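Remarks on the overall topology
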Amino acid sequence: MEVATHMPHTPNTVFRMGWFAGLVLAVLALLPLAPSRAATFAAAPVPLGTVDSFAVFAGSTITSTGSTVINGNLGLHPGTAVVGFPPGTVKGAKHVSDAAAQQAATDLATAYDDAAGRPFSAMAPPDIGGRTLTAGVYRTGLAASLGLTGRLTLDAQGDPRAVFIFQIPSTLVTATDSSVRLVNGAQACNVFWQVGSSATLGTGTAFQGSILASTSISVSDGATVNGRLLARSGAVTLINDTITRSRCAAGTDPGTGPAAGTDPAGTSPAPQVLDVRLSKPAVIGRDSALVVETLDSRAPVNGMSVQFGGRDVFGTSACRTLDSQANVPRVFRPGTRTRLAAPLRFRSRGTQKLLVRVDSGGCSAAPASVYQTVTVTPVRLGERPRPLIVGVPTREKPLGALLPPILPAGPVAVPGLPDLPILGAAAARRSRGRGGADARPGSSRRSRRIASRALLCLLNKTRRAHGLRPLRGNARLLKAAERHSRSMVERGYFSHVEPGGLSPLDRVRRTGYLSGALRFTCGENIGWGDGPTSTPRSMMRAWMNSAPHRANILSAGFREVGLGGVPGTPASAHASGGTYTTVFGGRR
């Protein structure tokens with residue numbers, strides 16, 4: 001191969017590519033994995049055409065062993081052999097060498113050439129495990145193959161239209177239990193892996209994005225793919241895997257204009273879900289937590305509610321009012337990334353669904369919400385953990401969701417969600433007999449007082465551990481707290497702002513707590529749950545794992561508190577659960 005270059009003060013000279021070319025490529029391989037800004041803005045999604053509707057597509061054969069699940073269409077052309085369905089399941093249409101499959105094969109060839117022909121913006125090392133990459137087009141350097149060992153994080157930096165393209169001249173191979181994690185708005189629908197030969201996903205791999213392989217794709221036992229497996233000429237081989245066709249959130253495809261739920265300026269009136277994960281693997285009988293990272297550019301994020309299957313529910317929220325100097329901590333300001341958490345404890349195996357609602361609005365603004373589905377597969381102790389499957393966020397409330405609204409409404413059953421109690425009814429009954437931190441508030445005044453005192457004890461124990469003075473109970477704040485807890489249960493809503501517009505600061509003022517105060521600060525934590533999740537201990541654990549709740553609990557400015565726990569929940573006044581309001585105050 002020959003290349004001509006211009007040398008200053010000399011005639012045009014011709015150099016033969018040899019060791020010099022190798023040196024240039026070696027230097028390129030050492031460049032940092034950071035695409036140029038221009039290249040990032042220029043990145044567009046790979047046009048898949050009609051093959052977009054397929055979760056799995058192959059040229060020769062599709063073979064499955066065991067209980068593989070394909071959530072999307074299955075296609076094959078020009079081959080005709082599809083083996084292993086059943087026992088495998090295809091939750092979509094099958095197109096085997098029909099007109100639809102033929103067109104999809106043509107569109108796949110076009111998409112493959114498009115992905116392979118993009119100018120790259122950064123070089124990738126032989127193994128990309130343990131790295132965090134931003135949007136761009138990545139190409140392997142001296143090594144023709146690409147490996148993934150451990151976790152790769154793809155960071156969209158708050159842009160849900162960010163596109164990631166990986167150009168791999170030869171093979172793609174992932175190690176056992178490797179994973180691709182999407183954060184800060186990254187979406188699997190905008191991740192593309194162009195593979196010049198074949199792709200092999202190792203056992204237990206949790207993969208994100210669409211693989212466009214020239215030859216074949218082999219997926220080992222127990223892997224999950226949120227994207228597509230598209231093999232042009234060869235086979236797709238599966239073993240007890242779950243393949244889910246990825247979809248972009250409405251309006252977030254690159255080039256489609258502002259995302260759904262945003263105005264033309266790009267600011268969002270509803271929370272954006274940036275990341276969803278478990279604090280610990282989902283193991284039967286072991287405690288974990290669902291952790292959600294979110295932000296809202298117009299209002300502070302308050303909290304979240306979680307529906308566990310078709311019956312159990314749990315929710316927490318926190319806000320801080322402007323103090324007498326019109327100040328508020330950063331965690332309670334619009335545009336702040338917020339971490340929220342809800343307790344999890346599973347008692348059975350099998351794929352189980354959760355419905356999450358994230359709320360924003362602060363202590364006085366009109367609340368806004370976004371809904372997110374999450375699928376968890378608990379395992380027994382010692383078994384390999386299974387990855388989460390996270391759905392597309394939506395502002396539309398799923399039909400029949402049990403999660404109480406921000407305004408009064410009656411709960412109804414949710415079709416299509418399996419019954420997923422966190423603990424069985426027997427465990428719920430056992431919790432009634434416990435005292436203190438493990439007893440939820442009952443109908444008697446004494447039981448409510450015991451639960452409230454237990455929560456106060458946990459609050460002060462935590463504050464002492466962080467070098468803070470304990471909070472004193474205050475009768476006026478207690479009145480405001482109990483009133484709000486009863487209002488949420490009796491009127492069926494979950495919010496800091498009552499349906500008539502009464503805010504936390506309004507409720508505190510009505511009690512006379514601020515009379516004569518020259519300086520003051522107030523905050524509020526609320527929470528509710530069914531069965532064991534309604535105990536003071538469960539509530540406190542969830543609050544300390546959520547950023548805004550933790551900020552209220554550990555604020556040095558608060559000196560007094562009122563805790564009001566009542567039986568029932570905003571979803572049902574007759575539920576075997578409890579609802580809490582904690583009003584924090586400081587005055588001079």
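So, here's what we can say about the structure.

Before going further, it helps to spend a moment on the sheet that holds strand β13 (residues 146-148). A sheet is described by the order of its strands in space; here seven strands give the open sequence β7-β4-β23-β21-β19-β16-β13, paired in parallel fashion. Single-partner strands in this sheet number two, and they are β7 (81-83) and β13. Along the sheet, successive strands turn relative to each other by an average axial angle of 10°, direction set aside. Pairing geometry for strand β4 (residues 61-65) and strand β23 (residues 236-239), over four bridges, is parallel. Within β23, the residue paired with Ser64 across the bridge is Leu238.

To continue, consider the environment of Gln157. Secondary-structure assignment places Gln157 in the loop between β14 (151-155) and β15 (164-168). Residue classification places Gln157 among the exposed residues on the basis of a relative accessible area of 60%. In this structure the C-alpha to C-alpha distance between Gln157 and Thr134, which are 23 residues apart in sequence, comes to 7.3 Å. Apart from residues lying up to four places away in sequence, Gln157 is in contact with Thr134 and Asn184.

Bringing helix α5 (residues 445-465) into the picture now. For α5, with 21 residues, the first-to-last C-alpha span of 30 Å sits near the 30 Å given by 1.5 Å per residue. Close packing links the buried residues of α5 with α8 (536-544), α9 (547-553), β35 (560-567) and β36 (577-587). Looking at the residues trailing α5, positive phi occurs at Gly467, about 75°.

Next up on the list: unusual backbone geometry. Cis geometry marks the peptide bond from Phe85 to Pro86, where omega comes out at 0°. As for its position among the elements, Pro86 is in the loop between β7 and β8 (89-90). Cis rather than trans, the peptide bond between Pro86 and Pro87 has omega equal to 10°. Positionally, Pro87 belongs in the loop between β7 and β8.

With the rule as written, the count across this model stands at two disulfides. There is a disulfide in this structure between Cys189 and Cys248, and the S-S distance comes to 1.8 Å. Measuring handedness by torsion sign, the sulfur bridge of Cys189 and Cys248 sits at about 105° and is right-handed. In this pair, Cys189 sits in the loop between β17 (179-183) and β18 (191-195) while Cys248 sits in the loop between β24 (242-245) and β25 (272-278), placing the two residues 59 residues apart along the sequence. For Cys189, a relative accessible area of 8% puts it in the buried group. Cys248 gets classed as buried once you look at its relative accessible area, which sits at 17%.

Attention shifts here to the nonpolar core. Membership of the largest hydrophobic core comes to 46 residues, with the highest contact counts inside it found for Phe166, Trp193, Ile211 and Leu229. Contact partners of Leu229, with chain neighbours within four places excluded, come to Ala55, Val56, Phe57, Ile211, Ile217, Val219, Val236, Leu238 and Ile243.

This paragraph deals with the environment of Glu293. Relative to the assigned elements, Glu293 resides in strand β26 (residues 288-295). Of the residues examined, Glu293 reaches a relative accessible area of 11% and is grouped as buried. If near-sequence neighbours (up to four positions away) are discounted, Glu293 is found in contact with Gln272, Val273, Leu274, Asp275, Arg277, Arg337, Thr338 and Arg339.

Among the five residues in strand β3 (residues 54-58), five count as buried, and that is most of the element. By the bridge criterion, four bridges tie β3 to strand β6 (residues 73-76) in an arrangement that is parallel. Bridging across to β6, Ala58 finds its partner in Leu76. The pairing of β3 with strand β22 (residues 224-231) spans two bridges and is parallel. For Val56, the partnering residue across the bridge sits in β22 and is Leu229.

Let us look at the sheet that holds strand β29 (residues 338-344). With antiparallel pairing, three strands are arranged side by side in an open sheet as β25-β26-β29. The open sheet has two edge strands with one neighbour each: β25 and β29. Strand-to-strand twist in this sheet, taken as the mean axis angle between neighbours without regard to direction, amounts to 20°. Where β26 and β29 come together, seven bridges link them in antiparallel fashion. Residue pairing for β29: Thr294 is matched across the bridge by Thr338.

What follows covers the side chain of Arg463. Among the secondary structure elements, Arg463 is positioned in helix α5. One buried charged residue, Arg463, remains without a salt bridge, the closest side chain of opposite sign being Glu560 at 11 Å. One polar contact links the side chain of Arg463 to the main-chain carbonyl oxygen of Ser555, over a distance of 3.0 Å. Discounting chain neighbours no more than four positions away, the residues touching Arg463 are Leu468, Arg469, Pro470, Leu471, Ile553, Leu554, Ser555 and Phe558.

Rules of the game
Within each chain, residues carry numbers counting from 1 in the order of the written sequence. Whole-chain, interface and lining totals are the exception, using all residues; otherwise, since this is a predicted model, local features are given only for residues with pLDDT of at least 70 and side-chain atom pairs are given and counted only at 80 or more. The basis for the side-chain values is all heavy atoms of the structure; hydrogens and waters are excluded. Two strands are counted as paired when DSSP detects at least two bridges linking them. Helix numbers and strand numbers start at the N terminus; a helix is a DSSP run of H or I with at least 4 residues, a strand a run of E with at least 2. Axis definition: a line fitted to C-alpha atoms, limited for helices to the stretch in contact. Angles are taken between N-to-C directions and run from 0 to 180 degrees. Categorising residues by exposure relies on relative accessible area from a 1.4 Å probe, with only protein chains included: less than 20% of the type maximum marks a residue as buried, more than 50% marks it as exposed, and the intermediate range marks it as partly exposed. Here, two residues are considered to be in contact whenever any of their heavy atoms come within 4.5 Å of each other. By this rule, a helix spans an expected 1.5 Å times one less than how many residues it contains. By definition, disulfides here are pairs of cysteine sulfur atoms that lie within 2.5 Å. Here, nonpolar core refers to any group of buried Ala, Val, Leu, Ile, Met, Phe, Trp, Tyr and Cys residues whose side-chain atoms link them within 4.5 Å. Here the positive residues are Lys and Arg and the negative ones are Asp and Glu; neither His nor the chain ends is included. One side-chain nitrogen of Lys or Arg within 4 Å of one carboxyl oxygen of Asp or Glu is enough to make a salt bridge. Polar contacts, as counted here, are pairs of nitrogen or oxygen atoms within 3.5 Å of one another; within protein the pair requires one atom able to donate a hydrogen and one able to accept it, and residues that are adjacent in sequence qualify only if both atoms are side-chain atoms.

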